[in-house]
Amino acid sequence: MAAWSSLAAVLLASPLFSTAALLKPQTTISDINNLLFGFAASGYQTEGAINADGRGDSVWEPFFNSSLNKAGFISPTVADDHYHRYKEDLAYLKKLNAKAYRFSIQWTRIFPQCNGTVNDKGLAFYDSMIDEIRKNGAEPIATLYHWDMPQACQSSYGGWLSRQSVDDFTAYALTVYKQYGNRVKYWMTHNEPNSICDFGYGQGNFAPGVTGSMFVCSHNVILSAGYAAKAMRDYARSQGWTFQISLPMVSTVGVPVTDSDADVKAAYTSNVYQAGLFIDPLVFGDYPDILKNDTSGVGGSLGKFTDADKAVLAGAIDYVAMNYYTAIYIKADNAQARGYSGSLNGPDGKPIGPTTGTSWHIAYPPGIRWMLKWIGSRYPGKDVWVSEIGVAVPNEATLTLPEIVNDTYRIDYLQTHLDQIAVAISNDSVPVKVVLAWSLLDNWEWQYAYVPKFGVINVDFNTTDLTRTVKDSAKFLGQYFKNSISPLNSLTTSSTSPSPKSGADRIGSVVFGNFVGAVMLRALGFGSIIAAMLLL
């Protein structure tokens, strides 16, 4: 294993970051059997070619030049040019021993006008891409939606604010499943649905720039995930196919500031408010009781699922997938309507961890273990996937190429977090099955454009040929990936869903939580994290 150097030294120097919190695993994650390692990526952030081969506009294209674009987004017209260079890029999977590659399909390439006529060239592109992933020894994992709704849907009926979006998304999902389901066995519906609905339809900082409608969006996104999964399963049965499906949430994990029962309960409750909003309906068939009974504003804002909806939603996902980046302290606070408050600083005023290459991202490796334990406790019987984990090195875009390649900071970050995943598996018996690094390539990072670089392969955006160079972190991960299973034949599809437990049963001894509001810092990089937490 790589030695902990610069980042680890900073972490362990913090009075709040004790060696007790940063437990060493009983075994290394690379020694654990039945784990699948690979990379995660997004079509819109890598492909470029936004006008190629019949692709229609997403909600982003008109947003870039509108007055709603207050954060200064620029268009990823070229991005990594992955659309034209995917064969070259995907060859790295074999070189790095990756056995999985999570990518996203752009709805606008399949149905340029939201619904109706299928774009055969769009289908053909992902056909070829899937074959290339498999050719390089990796399992394709397809994400159906990574924040890029067709503008035609938005213009016609308001996008995720209309129940029509459920029908159109289901038709789109079924179309691509019929095309690729014989080769793609692992699917995700919506990447970070909390981000879709908070940023795009709540705060309006992301496309399409709508405000005040987060919970309407959330309701339809949840329904679309459930109905799409049902349509895909119905077709799979008719063909004798099998598959697994989920949706990846993002988590800023709420860590109790002390081990008191009150703080433990507060941290758990915070997680239910955020992750449970989306995951619970797709496991148990309805929103968490604590949200439905909430008197601080959420309860009256939630939509109502019909009995027919609940029957479709219950057990819709086969595994629980979470993207992990950062954490926050939680304490019991009876002055707050929900009984808790959060802070990036502990009781002694020291921060939870050091800032990385983006201001929203605070490094706190124990948070990933706590996130995994929370999932294992609340959703027993479900396999668990770490669907994204990665970091941008501070000021990487300003470094020389040799300095960029020698990315020991990223190696330290990955090492410490992989160790904590191993702790969750070996010490806590969490059934983690998949770990995906974000990302294979440096890419377009929303309003930050090309400045933060999350890839283990450098892309020189200052050159016309977008030169690729392998970083040391890619080689480091390649060693971990050597023991990865392939294909995912050891993963089992859940045949039943855990029954909802009482609030007391669910709390138990769990000490974890997360915040979609805090995730605002990940995507937007501005605003008070505490204010963001109170938005929901």
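Residues numbered from 1 in each chain as written. Predicted model: local features only at pLDDT ≥ 70, side-chain atom pairs only at ≥ 80, totals over all residues. Heavy atoms only, no water.

**What to know about the overall build of the protein**
This is how it is decided: Here a helix means four or more residues in a row that DSSP labels H or I, a strand means two or more in a row labelled E, and each is numbered from the N terminus. Two residues qualify as a contact provided that any one of their heavy atoms is within 4.5 Å of a heavy atom in the partner residue. Shrake-Rupley sampling with a 1.4 Å probe provides the accessible areas, and residues are treated as covered by the protein chains on show and by no other component.
Secondary structure assignment for the protein yields 20 helices and 13 strands. Here the analysis covers contacts within the protein between residues at least 6 apart in sequence; of these, 78% occur between residues at least 24 apart. About 17900 Å² of surface is accessible on the protein, with carbon and sulfur atoms providing 51% of the total.

**Some thoughts on the state of the cysteines**
Covalent bonding between the sulfur atoms of two cysteines defines a disulfide. Defined as follows: A pair of sulfur atoms, both from cysteines and within 2.5 Å, is called a disulfide here. Here's how the labels work: a residue is buried when its accessible area is under 20% of the maximum for its type, exposed when over 50%, partly exposed in between, all with a 1.4 Å probe on protein chains only.
Under the criterion given, the structure shown has 2 disulfides. Here Cys-197 connects covalently by a disulfide to Cys-217, the sulfurs 2.1 Å from one another. Handedness here is read from the sign of the S-S torsion; for Cys-197 and Cys-217, about -70°, the answer is left-handed. A residue pair is termed long-range when its members are at least 10 positions apart, and Cys-197 in helix H9 (residues 193–203) and Cys-217 in helix H10 (residues 214–239) qualify at 20 residues. The exposure classification of Cys-197 matches that of Cys-217, with both residues buried. The connectivity of the disulfides in the protein is 1-2, 3-4, where the numbers refer to bonded cysteines in sequence order.

**Remarks on the pattern of salt bridges**
Defined as follows: Take a side-chain nitrogen of Lys or Arg and a carboxyl oxygen of Asp or Glu: if they are within 4 Å of each other, that pair is a salt bridge.
Across all of its chains, the model carries 24 salt bridges by this definition. One network of salt bridges, in which partners are shared, links Glu-396, Asp-407, Arg-410, Asp-442, Lys-453 and Lys-471.

**What to know about the nonpolar core**
Quick note on the threshold: Residues grouped as a nonpolar core are buried Ala, Val, Leu, Ile, Met, Phe, Trp, Tyr and Cys residues, joined through side-chain atoms within 4.5 Å.
Within the largest apolar cluster, 147 residues are counted, with the highest numbers of intra-cluster contacts made by Phe-39, Trp-60 and Trp-187. A per-element tally of this core places helix H11 (residues 261–284) first, with 12 residues. Of all hydrophobic cores here, the second largest spans 18 residues; its members include Trp-360, Val-434, Leu-436 and Trp-438.

**A few points about the packing of H9 against H10**
Counted only if it meets this: Angles run from 0 to 180 degrees between N-to-C directions of axes, and those axes are lines fitted to C-alpha atoms, restricted for helices to the stretch in contact. By definition, turning the near helix anticlockwise from the far helix through less than a right angle yields a left-handed crossing, and turning it clockwise yields a right-handed one. Note that Gly is not counted as nonpolar here; it falls among the polar residues with everything else outside the nonpolar set of Ala, Val, Leu, Ile, Met, Phe, Trp, Tyr, Cys and Pro and the charged set of Asp, Glu, Lys and Arg.
Interaxial distance between H9 and H10 falls to 8 Å at its minimum, and their mutual angle equals 145°. With respect to the hand of their crossing, H9 and H10 are arranged in right-handed fashion. Here Pro-193, Ile-196, Cys-197, Asp-198, Tyr-201 and Gly-202 of H9 come into contact with H10, specifically with Met-214, Cys-217, Ser-218 and Val-221. Within the contact of H9 with H10, the residues separate by chemical class into 7 nonpolar, 2 polar and 1 charged.

**A short note on the pairing of strand S3 (residues 139–145)**
Heads up, the condition is: For two strands to be treated as a pair, DSSP must find at least two bridges joining them.
Counting buried residues along S3, 7 of its 7 residues qualify, which places the element largely inside the surrounding structure. As paired strands, strand S2 (residues 100–104) and S3 are joined by 5 bridges and run parallel to one another. Residue Phe-103 lies in a different strand from S3, and its bridge partner there is Ala-142. Pairing geometry for S3 and strand S4 (residues 186–190), over 4 bridges, is parallel. Across the sheet, the residue bridging to Tyr-145 is His-190, located in S4.

**Let's talk about the side chain of Gln-45**
Mapping Gln-45 onto the fold places it in helix H2 (residues 43–46). Those residues within four positions of Gln-45 in sequence are excluded, and the remaining contacts are Ala-79, Asp-80, His-146, Trp-438, Asn-443, Trp-444, Glu-445 and Trp-446.

**Description of the packing of H10 against H11**
At a minimum axis distance of 10 Å, the contact between H10 and H11 shows a crossing angle of 30°. Crossing angle aside, the handedness with which H10 passes H11 is right-handed. Across the interface between the two elements, Met-214, Phe-215, Ser-218, Ile-222, Ala-225 and Gly-226 from H10 touch Leu-277, Phe-278, Pro-281 and Leu-282 from H11.

**Notes on the environment of Ile-404**
The residue Ile-404 is located in helix H15 (residues 401–405) in this model. Expressed as a C-alpha distance, the spacing of Ile-404 and Ile-457, which sit 53 residues apart in the sequence, is 9.7 Å. Excluding residues within four positions of it along the chain, Ile-404 makes contact with Glu-396, Leu-399, Asn-458 and Lys-471.

**Side note on the pairing of strand S10 (residues 432–437)**
Among the 6 residues that make up S10, 6 are buried, leaving the element largely enclosed by the rest of the structure. Bridge analysis of strand S9 (residues 383–389) against S10 gives 4 bridges, and the strand direction is parallel. The partner of Trp-385 across the bridge, within S10, is Val-434.

**As for helix H16 (residues 408–426)**
Side chains three or four residues apart in an α-helix point the same way, a direct result of the helix having 3.6 residues per turn. The line we're drawing: What a helix should span is 1.5 Å times the count of its residues minus one.
With 19 residues, H16 ought to run about 27 Å at 1.5 Å a step, and its terminal C-alpha atoms sit 26 Å apart, in line with that. Burial analysis of H16 places 17 of its 19 residues in the buried class, the great majority of the element.

**Side note on the confidence of the model for the protein**
Test applied: On a scale of 0 to 100, pLDDT captures the predictor's confidence in every residue.
Per-residue confidence for the protein averages 87 on the pLDDT scale, and 85% of its residues sit at or above 70. The model gives residues 1–20 a pLDDT under 50, and that stretch makes 48 contacts with residues more than four places away or in other chains.

**Describing the environment of Ile-362**
Positionally, Ile-362 belongs in the loop between strand S8 (340–343) and helix H14 (366–378). If we ignore the near neighbours within four places in the chain, the residues touching Ile-362 are Tyr-325, Thr-326, Ala-327, Ile-352, Gly-353, Pro-354 and Thr-355.

**Side note on the packing of aromatic side chains**
Short version of the rule: Under the pairing criterion, centres of Phe, Tyr and Trp rings, with the six-membered ring standing for Trp, must be within 6.5 Å; the plane angle then separates stacked pairs below 30 degrees from edge-to-face pairs above 60, leaving the rest tilted. Ring-over charges, as used throughout, are those where CZ of Arg or NZ of Lys falls within 6 Å of the ring centre and within 35 degrees of the ring normal.
For the coordinates displayed, the defined rule picks out 48 aromatic pairs. Between Phe-476 and Tyr-480, the ring centres sit 5.1 Å apart and the planes meet at 65°, which makes this aromatic pair edge-to-face. Here Phe-476 and its partner Tyr-480 are both found in helix H17 (residues 472–481), 4 residues apart, which amounts to about one turn of the helix. By relative accessible area, which is 4% here, Tyr-480 ends up buried. Site record: aromatic cluster; members linked through ring pairs are Tyr-44, Trp-60, Phe-63, Phe-64, Phe-73, Trp-147, Phe-199, Phe-206, Trp-444 and Trp-446. It is Lys-95 that lies over the ring of Tyr-92; its NZ or CZ is 5.1 Å from the centre.

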